[in-house]
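Observations on chain architecture
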Amino acid sequence: MSERKGYRVAVVGATGAVGQQMIQTLESRDFPVSELLLLSSSRSAGTKVQYKGKELTVQEAKPESFEGVDIALFSAGGSVSKELAPEAVKRGAIVVDNTSAFRMDENTPLVVPEVNEEDLHTHNGIIANPNCSTIQMVVALEPLRKKFGLEKIIVSTYQAVSGAGAAAVEELEEQTQAILNGEEYEPKILPVKSADKHYQIAFNAIPQIDTFVDNGFTYEEMKMINETKKIMHMPGLQVAATCVRLPVGTGHSESVYIEIGQDGVSAADVKELLSDAPGVVLQDDPEQQLYPMPAFCVGKNDVFVGRIRKDLDNEKGFHMWVVSDNLLKGAAWNSVQIAESLVKLGIVK
């Protein structure tokens, strides 16, 4: 890293699930922090948080909070990012934003370091962290795109409830207990808290994440489609997504079908390439029932890939199963990784 001893880092949304993971990740990675500033809404201000054996007090996030801050990691909702990220930039900070507020802005790089780290050089103060489901998919597919070309992606996701926030995890636990006890319960959060209807998530699968758009897809599905094209710099790439919520606490899973640009590639070729890919752990041995599962990815930064097989009808088609901790690589770790890249590339002074 840089010769500089440390950076003033702010975490906005410090008391949320992703904010907490950001703080833990900064500590576990020993990121060069000279001062850590924890910011939140007025409601959560005053909360005490542990960092490197010290107790820090969370403060209310205001424009003036960012005076002297070098890097600001945001994960407090899109409206907060839209209001405060430009204020942080005005005061000299580089913002890494974990919401969807700036992802599709043409002047904002959307970055997964294993895929398009070089895009960090084009930032105008704000760098967007992609959707959690998009991140793990592009990490798995980028090595294949670079070597064999990539023409089509069809993905079905099996997403954990933690992607909808801590309250959704609580709802899953309470519903499960109620059903097992034969008690009544009223769903209040999923699939979308602001929607008119809510469905049970315990012992169920809900084929809706976020609200629907006019074309029949959901916003979550459109995020995956549009973000993948932007990150890979392939506006003409064919991408389709179906996003489903499962009664899993943490860890998103994806069934991914791709069509590459070359004939003559075997499943063994794909496995060999991914076995040495950055950020990827290959778990693929059907004889030993070895494949990725969300229960075993929790707390790990990597993207796990398995069940790689060639399509039976399309010479260029392949299927795979991709799993990752949605709070880490899907959010906090990718954000901190971007910060590490900013330091490594000398972009943050």
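Here the structure is shown first, and the text comes after it.
Every chain is numbered on its own, with residues counted from 1 as its sequence reads. Per-residue local features of the predicted model are confined to residues with pLDDT of at least 70, and side-chain atom pairs are confined, for both listing and counting, to 80 or more; whole-chain, interface and lining totals are unaffected and use all residues. Side-chain calculation: all heavy atoms of the structure are included, whereas hydrogens and water are not.

Okay, the pattern of salt bridges next. What counts as a salt bridge is simple: a side-chain nitrogen of Lys or Arg found within 4 Å of a carboxyl oxygen of Asp or Glu. Throughout the structure, instances matching the rule amount to 14 salt bridges. Note that arginine 29 is salt-bridged to glutamate 340, the shortest N-O span being 2.8 Å. Of the two residues, arginine 29 is situated in the loop between α1 (17–28) and β2 (33–40) and glutamate 340 in helix α8 (residues 328–344); the sequence distance between them amounts to 311 residues. Buried residues are those whose accessible area, probed at 1.4 Å on protein chains only, stays under 20% of the maximum for their type, while exposed residues exceed 50% and partly exposed ones sit between those limits. For arginine 29, a relative accessible area of 39% corresponds to the partly exposed category. Judged by relative accessible area, glutamate 340 falls into the buried class, the value being 10%. Through salt bridges with shared partners, a single ionic network connects Glu67, Glu87, Lys90 and Arg91. Runs of H or I in DSSP of at least four residues are treated as helices and runs of E of at least two as strands, each being numbered from the N terminus.

Buried Ala, Val, Leu, Ile, Met, Phe, Trp, Tyr and Cys residues that are joined via side-chain atoms within 4.5 Å together make up what is termed a nonpolar core. In terms of nonpolar packing, the biggest core is built from 42 residues, with Leu141, Ile153, Val256, Ile258, Val305 and Met320 touching the most fellow members. Put simply, the parts of the chain that give this core at least two residues each are α4 (132–148), β9 (150–159), α6 (219–231), β10 (238–245), β11 (252–260), α7 (267–274), β13 (303–310) and β14 (317–324). The element best represented in this core is α4, accounting for eight residues. Those residues in contact with methionine 320, other than ones at most four positions away along the chain, are Leu141, Leu144, Glu254, Ser255, Val256, Ile258, Val270, Val305, Gly306, Arg307, Ile308 and Arg309. Counting residues in hydrophobic clusters, the runner-up holds 34 residues, among them Ala332, Ala339, Leu342 and Val343. Residues are treated as being in contact if the distance between any of their heavy atoms lies within 4.5 Å.

What follows deals with the packing of α4 against α6. It is at 9 Å that the axes of α4 and α6 come closest, and there the two elements cross at 40°. Taken as axis vectors, α4 and α6 run oblique relative to one another. Our pair here, α4 against α6, has a crossing hand that is right-handed. Within the contact between the two elements, α4 uses Ser133, Thr134, Met137 and Val138 and α6 uses Glu220, Lys223, Met224, Glu227, Thr228 and Ile231. Ten residue types, Ala, Val, Leu, Ile, Met, Phe, Trp, Tyr, Cys and Pro, are classed as nonpolar, four, Asp, Glu, Lys and Arg, as charged, and the remainder, Gly among them, as polar. Looking at the contact of α4 with α6 residue by residue, the class counts come to four nonpolar, three polar and three charged. Fitted lines through C-alpha atoms give the axes, limited to the stretch in contact for helices. The angle between two N-to-C directions lies from 0 to 180 degrees. The labels follow the angle: roughly parallel below 35 degrees, roughly antiparallel above 145, roughly perpendicular from 65 to 115, and oblique for the rest. For any helix crossing, the convention is left-handed if the near helix is rotated counterclockwise from the far helix by under a right angle, and right-handed if that rotation is clockwise.

Where α1 meets α8, the axes come as close as 9 Å, and the angle between the chain directions of the two elements is 45°. As summarised for this structure, α1 and α8 are arranged oblique, according to the angle between their axes. You can see that α1 and α8 cross each other, and the crossing is right-handed. Contact residues: α1 offers Val18, Gln21, Met22, Thr25 and Leu26, while α8 offers Leu328, Ala331, Ala332, Trp333, Ser335 and Val336. Here the contact of α1 with α8 is built from residues that sort into eight nonpolar, three polar and no charged.

A few words now on the pairing of strand β3 (residues 48–51). Residues Val49 and Tyr51 of β3 are buried on one face, while the alternating residues Lys48 and Gln50, pointing to the opposite face, are not. When β3 meets strand β4 (residues 54–57), the two strands line up antiparallel, connected through four bridges. Bridge pairing in β4 links valine 49 to leucine 56. When DSSP locates at least two bridges between a pair of strands, those strands are taken to pair. Connecting β3 to the antiparallel partner β4 that follows it, the hairpin turn spans two residues, and lysine 52 within it adopts a positive phi of roughly 50°.

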